[in-house]
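So the chains spell out like this:
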Amino acid sequence: MPSDLKRDLGLLSTTALAIGAMVGSGIFILPAIAYVAAGPAAVVAFLIAGLLVLPAAISAAEMATAMPEDGGAYIYVERGMGPMLGTVAGIGTWLMLSLKSALALVGGVPYLAQLAPVLADWVVVLAVSLALFFTLVNIVSAKGSGSMQFVIVGVMLAVMVFFVVSGFSSQAFEAGQTAGSFDLTAEGILAAVGVVFVSYAGVTKVTAVAEEVKDPGRNLPLAMVGSLVFTTALYVAVVWVAIGLADLEPGAGFVPAAPGEETAPIAAAADAAFGQIGVIAIVIAALLALASTANAGLLAASRFPFAMARDGLVPDRLEDVSARYNTPANAIALTGAVMVVLVTVFPIERIAQFGSAFQILVFILLNVALIGFREGAIEEYSPAFVSPLYPWLQFVGIGGGIIVLTQMGLVPFLGSLVIVAGSLLWYYLYARPRTDREGAARSGVRQSVGESAVERTAELFADRRRYDVLVALTKETSERARTDMVRMATDLSRLRTGSVTVARFLDVPHRAFTGTGPSVTRKAAPEWLSPAAPPAWLDDGDPSIRPSGGKTVSDAAVDPINYLEVETEDVPGAIVEFAAFEGYELVVLERRREELHQPLSRGLTDHVLKNAPCGVLLVEDRGFEGADEIAVVANRGAYDPLKLLVADAIAEETGADLVLLQAIPADPPEGRRAVVADYHADLMRILTVPARSRIVETDDRVAGLARFAESADLLVTGAESRGVWGDLFGRPGDRLVDSVDVTAVMVQPADEQRPGIVQRLVLERLFGT
């Protein structure tokens, strides 16, 4: 993406920005909460959290060099995985930053109370007042002072380094209190890791200036990793020294006297080592950091609903910019209102837990987004920096995040699930009808699935094994249907040098003493099956309408047609058993339309479709008089290879052209139609007869397909489940056949060729309407 911004940020400047974005309120508030969860192992909890953040930081660095756009995690996830997960990431990041700001406000009051103890009883009031103040400031002016931010970070780092060096050498430092600081087996350590995760929330903020960084492929990842290493080391050192200095008795200043009580843990540790002067220094640094975090967090959080509004995922009023102040006033006001609710309703420990939980969720999505871009095969995705150890590093980040998330406790874990569920509900009810984009991953998966389907089709067409076909007749089979059934069976078996067996299954009463097995008798072919009697639609004297190659019915068959009669007490079971015993590749039945109107009642067709060991063809005749055009419809997902093979065989024998007919949503996402068109083009190179593509954009798949299928001479589509799934969720294939006045063939492949439920759902989402 071209940019007019000057690239003047070197490695040191970029690293300083990254450290400034990361170091903030967490170090002054969270050590006490982590200590309650894991004791001295709170130290190693900060270390583990830093390590688990690393994969997300590296993933963000790669995506930032490919897409130097403002918007951070939301942009990367939305572009990589599509608007659905983009909505989850956007709302999650917005709430996470709002929680981080709320944490800074609530956690800052106890430090202020170190100078004015009377304020200790007014924590919520002061926090709400500060939230309203910062909201107003951001609405009036969004101009941040970069130099002031550097001053704040500089003062804070100087105080923290002094605290670590002087505190460690102080006589007040008791090494015994730090025993177990690096115990990886300590009880509650994963819960502590989860709580302190929010301390690293700013690690990806520097990606917003990626287009201003010199040599971003080198400097950006080095700055992000370097700042993460530095900040992790600083956090570990500060917490370790603080635990060694502080009075760890509950209520003494470091450890809260009761759950949810606010403390000033670093100030308590400074008091033990340096007295009131040390407390004042720490309080000044803490208040600077907390004010900076709260203000910057509110500013950053408000940009997420603003960016999502531009993409149509939230109401466009959040995109409005104040004419007077030139700021996104509505987005800022909403974020400020959320902060007020947070500081009013939740105790500090819960705010920290929710903030970390949502941060973990966002980091997981960042790793997922990178995989989406890599596997999406998007030509425009060309990062200057490539993540090492792909995809194992991302898998570690995803797995580690999930493990920590599940160990944080029931409330934050359920909170994360509620946010995800609420975000998805919002997407489906509001955002989905208003957006037509899709992520790189879905586009790439669709292309990959199409390529896989093409390969399977090519393999089936190249496989020249025999196709022995069983045409199963019953007393209900109509005369016209049986003729079509045999014709289509011979078309396929002729091309595959197979045989055709026509078996008439006769239902007989139960016999108690002579056995219950079916009786099979070979019979002379009836007159209607004689090779000398062509189908009604074929004029044997007119070569212009003969099958391709000029063959007539009598001279085209390779093997003679076998005719059998089977007496049985169980016709559906006998058809399945006979097909299995004789090893047929295909069973041909008449489509029994009346069975479709018997919900939850299972008949012959349902039994054969469910239990046949081979492929099944259902034929419904509506006056078939030859074919010039055969419409082949993709019901759900990609084309089944057997469906194409059957259609190709019939077309070759009748001299017809094929039309690949597939529906996609109206106003499809960019590139979707092109992917389906490319898929059709690949299939047409495999087919042996002339074919063309017709892609229908419609939100009513059946009506849209029927409009074009009606003009064909034959419709070839897929047979669908007649079980409870089909009863409950409908059968678009059957509805399509019933909505057109065209002879139809419904094809069901053998079990081993059929996709499973999950795969069918995926194919439907990728290719269907």
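Up top you'll find the structure we're talking about.
Residues numbered from 1 in each chain as written. Predicted model: local features only at pLDDT ≥ 70, side-chain atom pairs only at ≥ 80, totals over all residues. Heavy atoms only, no water.

Engineer: Provide a residue-level description of the packing of aromatic side chains, including the pertinent values.
Structural biologist: The geometry of an aromatic ring pair is captured by two quantities: the separation of the ring centres and the angle between the planes. Scanning all chains against the criterion turns up 15 aromatic pairs. Ring geometry for Trp392 and Phe395: centres 5.7 Å apart, planes at 70°, overall edge-to-face. Placement of both Trp392 and Phe395 in helix α13 (residues 392-406) is noted, with a separation of three residues, approximately one turn of the helix. Members of the aromatic cluster, joined through ring pairs, are Phe46, Tyr200 and Tyr235. (Phe/Tyr/Trp six-rings, centres within 6.5 Å; stacked < 30°, edge-to-face > 60°. Helix = DSSP H or I, 4+ residues; strand = E, 2+ residues; numbered from the N terminus.)

Engineer: So what's going on with helix α16 (residues 479-495)? Residues and values would help.
Structural biologist: Relative to the 24 Å expected for 17 residues at 1.5 Å per residue, α16 spans 25 Å between its end C-alpha atoms, a close match to the ideal helical length. Burial within α16 is extensive, with 13 of its 17 residues counted as buried. (Expected span 1.5 Å × (residues − 1). Buried < 20%, exposed > 50% of the residue type's maximum accessible area, 1.4 Å probe, protein only.)

Engineer: Residue-level account of helix α19 (residues 604-611), with values.
Structural biologist: The complete set of buried residues in α19 reads Leu604, Thr605, Asp606, Val608 and Leu609. Close packing links the buried residues of α19 with α18 (571-582), β5 (586-590), β6 (615-620) and β11 (743-748). (Contact = heavy atoms within 4.5 Å.)

Engineer: Talk me through the side chain of Ser181; I want residue IDs and the actual numbers.
Structural biologist: Secondary-structure assignment places Ser181 in the loop between α7 (146-169) and α8 (189-196). In this structure Ser181 comes out as buried when scored by relative accessible area, which is 2%. A distance of 2.4 Å separates a polar side-chain atom of Ser181 from the backbone oxygen of Thr178. Excluding anything up to four places from it in sequence, Ser181 contacts Pro40, Ala41, Val43, Val44 and Trp240. (Polar contact = N/O pair within 3.5 Å; in protein donor to acceptor, adjacent residues only side chain to side chain.)

Engineer: I'd like to hear about the pairing of strand β1 (residues 469-473), residue by residue, with values.
Structural biologist: A large share of β1 lies buried, amounting to five of its five residues. Every second residue of β1 is oriented toward a common face, with Val469, Val471 and Leu473 on one face and Leu470 and Ala472 on the other, all of them buried. Sheet topology note: the β1/strand β2 (residues 500-507) ladder contains five bridges and is parallel. What sits directly across from Ala472, in β2, is Ala503. Handedness of the crossover is the feature at issue here: the chain leaves β1, passes through α16, returns alongside β2, and the resulting connection is right-handed. Bridging between β1 and β5 involves three bridges; their strand directions are parallel. Each residue of the ladder has a partner; that of Leu470, found in β5, is Val587. (Pairing = 2+ DSSP bridges. Right-handed = clockwise from strand over helix to strand, strands pointing away.)

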